[in-house]
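Given next are the chains, with one letter for each unit.
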Amino acid sequence: MSMHFLFVHIAPHPWMKTYTGYLEGIGILAATLRRRGHEPSLLVLHEFDREKIKKAMKKHKPDMAGLSITSSQMPLARKTSDALANGHGLPLVAGGAHPTLMPEEVLELPGMVGVFRGECDHVFADWVDEFSAGKTARGVQNFSYLEAGSVVNNPVGFPEDLSALPIPDRAIFPMREMISFNADLVGAEFVASRGCPYSCAYCNNPIFNELRGGVHHRRKSVERMLEEIEAVLSEYPEARCLGFNDDIFTCDRDWVMQFCGEYPGRVDRPWWSNTQVAHLDDELVGAMAEAGCTRLHMGVETGSEKLRRDELNKQISNKQIEEAFEMVHSHNMKPVAFMMLGIPGETEETLRESVEFLRKLRPFWTVVSLFSPFPGTALGDRARAEGLCDDDLPEDYYHLRPLKLRGVEEEALLWYYNNFNDLVRHRRGILP
Ligand code: SF4
């Protein structure tokens with residue numbers, strides 16, 4: 001039986017972030033459902049909005065809804081699931097980082113039939129087929145559910161061949177609006193690969209690796225990636241650039257070299273990607289620049305090598321970072337730094353170190369965030385155990401709370417957070 005399935009994507013306001021809000025996971029799941037004759041639709045919520053939910057219900061008349069939830073979205077997901085299940089009688093499922101890390105918490109949400117852990121692109125449509133045929137659908141891989149008050153976690157698998165997945169259904173997103181918001185800087189977003197070999201203590205990637213039984217770095221074939229880009233640009237020619245939201249786009253050096261060899265003959269747009277400094281070398285960066293890559297985003301997180309190594313478990317040195325930024329500058333590309341302030345062990349001294357270090361790196365721009373102790377991550381759990389934060393999560397993205405740190409007052413930390421880019425770029429000499 002065909003099912004109308006409403007995906008609910010709780011995303012920050014476009015002005016909050018450097019990405020459009022496109023989510024590859026939802027795009028692929030929507031495409032797999034459409035292949036099976038189901039009817040997917042999408043509701044994007046930037047905050048809890050009862051009226052918007054009501055309008056989506058009227059417009060799409062869904063039989064069921066699925067929420068994509070990260071840890072910081074959990075309070076909003078709670079209100080949204082209450083409105084969908086108790087207000088409109090919809091059965092719900094959920095997937096994403098938080099259901100993967102904390103299935104028992106998400107299964108308690110109103111209307112929740114079950115949750116999917118890890119990557120579920122390969123089994124989700126099977127589950128919807130079974131559920132829409134009136135079956136319990138409890139035997140499907142990656143599915144977790146409650147039975148007699150206990151959580152049952154089915155074994156977790158993952159799609160091994162990304163090229164075999166359908167091209168994401170971007171039509172369910174407000175793509176034109178998303179692309180036009182930042183057409184020159186972000187443009188159309190893609191994902192070429194999955195899997196990261198690192199175990200940063202604040203990130204959920206180590207848990208995904210554990211669930212998969214290893215890193216399992218996978219990538220779409222170069223041909224499949226180029227076909228997808230061509231298809232998207234013919235549909236959305238207004239995208240003046242494009243980018244890759246992979247964890248580490250340059251993880252597979254041979255793949256990137258082949259891609260760079262073929263891209264210029266097929267696509268005429270500048271592009272950007274996320275990477276990690278240990279996965280760059282001069283020849284590779286040169287090939288990327290030749291192929292039209294104009295910007296590389298890299299996680300620096302802090303200027304304190306000690307905090308980066310000991311607290312974040314990010315085993316890259318300041319020297320490696322400096323060399324990578326220099327390499328990117330030397331090929332006339334723009335390096336972007338991701339920074340995270342307020343990590344356990346932060347002091348006014350380490351905040352000053354971060355500013356000084358970034359001044360040396362000369363990033364094109366810096367994306368600054370406050371450390372969030374996501375439950376289930378090694379550092380999030382430790383911060384909680386040490387009483388550095390409350391158990392509950394902030395209400396939403398707009399009310400993030402810093403840790404209670406011994407080495408720096410909250411007011412000083414927030415001052416650095418609010419002024420970080422200015423301190424790095426314009427206001428030399430005013431560090432307290
Ligand atoms: S390199 Fe990035 S994706 Fe990989 S574990 Fe670290 S933060 Fe997570």
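1. Some points on the packing of helix 14 (residues 348–361) against helix 16 (residues 410–425)
Moving on, step 1. Put simply, helix 14 and helix 16 touch, their axes get as near as 10 Å, and they point 10 degrees apart. The orientation of helix 14 with respect to helix 16, classified from their angle, is roughly parallel. Here E348, L351, R352, S354, V355, L358 and R359 of helix 14 lie close against helix 16, whose contacting residues are A412, L413, Y416, F420, L423 and V424.

2. As for unusual backbone geometry
Moving on, step 1. The phi torsion at N142 lies on the positive side, around 70 degrees, for a residue other than glycine.
Moving on, step 2. Within the secondary structure, N142 is located in the loop between helix 6 (124–132) and strand 6 (143–147).
Moving on, step 3. Backbone geometry at E301 places phi at a positive 75 degrees, although glycine is not the residue there.
Moving on, step 4. Here E301 shows up in strand 13 (residues 293–301).
Moving on, step 5. Under the relative-accessibility criterion, E301 is labelled buried at 7%.

3. A word on helix 9 (residues 222–235)
Moving on, step 1. When the terminal C-alpha atoms of helix 9 are compared, their 20 Å separation across 14 residues agrees well with the 20 Å that a helix rising 1.5 Å per residue should span.
Moving on, step 2. Where helix 9 is concerned, the buried positions are V222, R224, M225, L226, E228, I229, V232 and L233.
Moving on, step 3. Structurally, helix 9 contributes buried residues whose contacts are with helix 1 (24–35), strand 8 (188–190), strand 11 (242–244) and helix 10 (253–266).

4. Concerning the pattern of salt bridges
Moving on, step 1. Considering all chains together, one arrives at 34 salt bridges under this definition.
Moving on, step 2. In this structure, D268 engages R269 in a salt bridge whose closest nitrogen and oxygen atoms are separated by 2.6 Å.
Moving on, step 3. With a relative accessible area of 17%, R269 lands in the buried category.
Moving on, step 4. One salt bridge in this structure joins E326 and R362, with 3.4 Å as the shortest N-O distance.

5. With respect to helix 13 (residues 318–330)
Moving on, step 1. Along its 13 residues, helix 13 runs 18 Å from first to last C-alpha, staying within 8% of the 18 Å computed at 1.5 Å per residue.
Moving on, step 2. Those residues of helix 13 that are buried lie in contact with helix 11 (282–290), strand 13, helix 12 (305–311), strand 14 (334–341) and helix 14.
Moving on, step 3. Note on helix 13: the residue one or two positions beyond its end, N332, has a positive phi of about 60 degrees.

6. Quick word on the site of the ligand
Moving on, step 1. Close to the ligand lie C196, Y198, C200, Y202, C203, N205, D247 and K314.
Moving on, step 2. Taken together, the residues of the shell around the ligand sort by class into 5 nonpolar, 1 polar and 2 charged.

7. Concerning the packing of aromatic side chains
Moving on, step 1. Evaluated as defined, the whole model comprises 23 aromatic pairs.
Moving on, step 2. A ring pair is formed by F143 and Y145, whose centres lie 6.0 Å apart and whose planes are at 25 degrees; its orientation type is stacked. Across the pair, exposure class does not vary: F143 and Y145 are buried alike.
Moving on, step 3. On the numbers, 6.2 Å between centres and 40 degrees between planes, the contact of F190 with F244 is tilted. In this pair, F190 sits in strand 8 while F244 sits in strand 11, placing the two residues 54 residues apart along the sequence.
Moving on, step 4. On the basis of relative accessible area, F244 is assigned to the buried category, the value being 0%.
Moving on, step 5. In this structure, K334 is placed above the aromatic ring of F364, and the distance from its NZ or CZ to the ring centre is 4.6 Å.

8. Details of the domain arrangement of the protein chain
Moving on, step 1. Under the domain assignment used here, the protein chain contains domain 1 (4–153) and domain 2 (174–425).
Moving on, step 2. Each of domain 1 and domain 2 has a C-alpha centre, and these two points are 26 Å apart.
Moving on, step 3. Counting from both sides, the interface comprises 33 residues of domain 1 and, opposite them, 33 residues of domain 2.
Moving on, step 4. The junction of domain 1 with domain 2 conceals about 2900 Å² of combined surface from both sides, 65% of it contributed by carbon and sulfur atoms.
Moving on, step 5. Our count for the contact surface shared by domain 1 and domain 2 stands at 5 salt bridges.
Moving on, step 6. Two residues, D121 and R194, come together in a salt bridge whose shortest N-O distance is 2.8 Å.
Moving on, step 7. Our count for the contact surface shared by domain 1 and domain 2 stands at 5 residue pairs in polar contact (both at pLDDT 80 or more).
Moving on, step 8. Those elements that provide at least two residues to the side of domain 1 that touches domain 2 are helix 1, strand 2 (39–45), helix 3 (74–88) and helix 4 (97–101).
Moving on, step 9. Among the residues forming the side of domain 1 that touches domain 2, the class breakdown is 17 nonpolar, 11 polar and 5 charged.

Basis of the calculations
- Residues numbered from 1 in each chain as written.
- Predicted model: local features only at pLDDT ≥ 70, side-chain atom pairs only at ≥ 80, totals over all residues.
- Heavy atoms only, no water.
- Axes fitted to C-alpha atoms, helices over the stretch in contact; angles between N-to-C directions.
- Helix = DSSP H or I, 4+ residues; strand = E, 2+ residues; numbered from the N terminus.
- Parallel < 35°, antiparallel > 145°, perpendicular 65-115°, else oblique.
- Contact = heavy atoms within 4.5 Å.
- Buried < 20%, exposed > 50% of the residue type's maximum accessible area, 1.4 Å probe, protein only.
- Expected span 1.5 Å × (residues − 1).
- Salt bridge = Lys/Arg side-chain N within 4 Å of Asp/Glu carboxyl O.
- Near = heavy atom within 4 Å.
- Nonpolar A, V, L, I, M, F, W, Y, C, P; charged D, E, K, R; others polar.
- Phe/Tyr/Trp six-rings, centres within 6.5 Å; stacked < 30°, edge-to-face > 60°.
- Lys NZ or Arg CZ within 6 Å of the ring centre and 35° of its normal.
- Domains from an automatic or database assignment.
- Buried area = accessible area lost by both parts, 1.4 Å probe.
- Polar contact = N/O pair within 3.5 Å; in protein donor to acceptor, adjacent residues only side chain to side chain.

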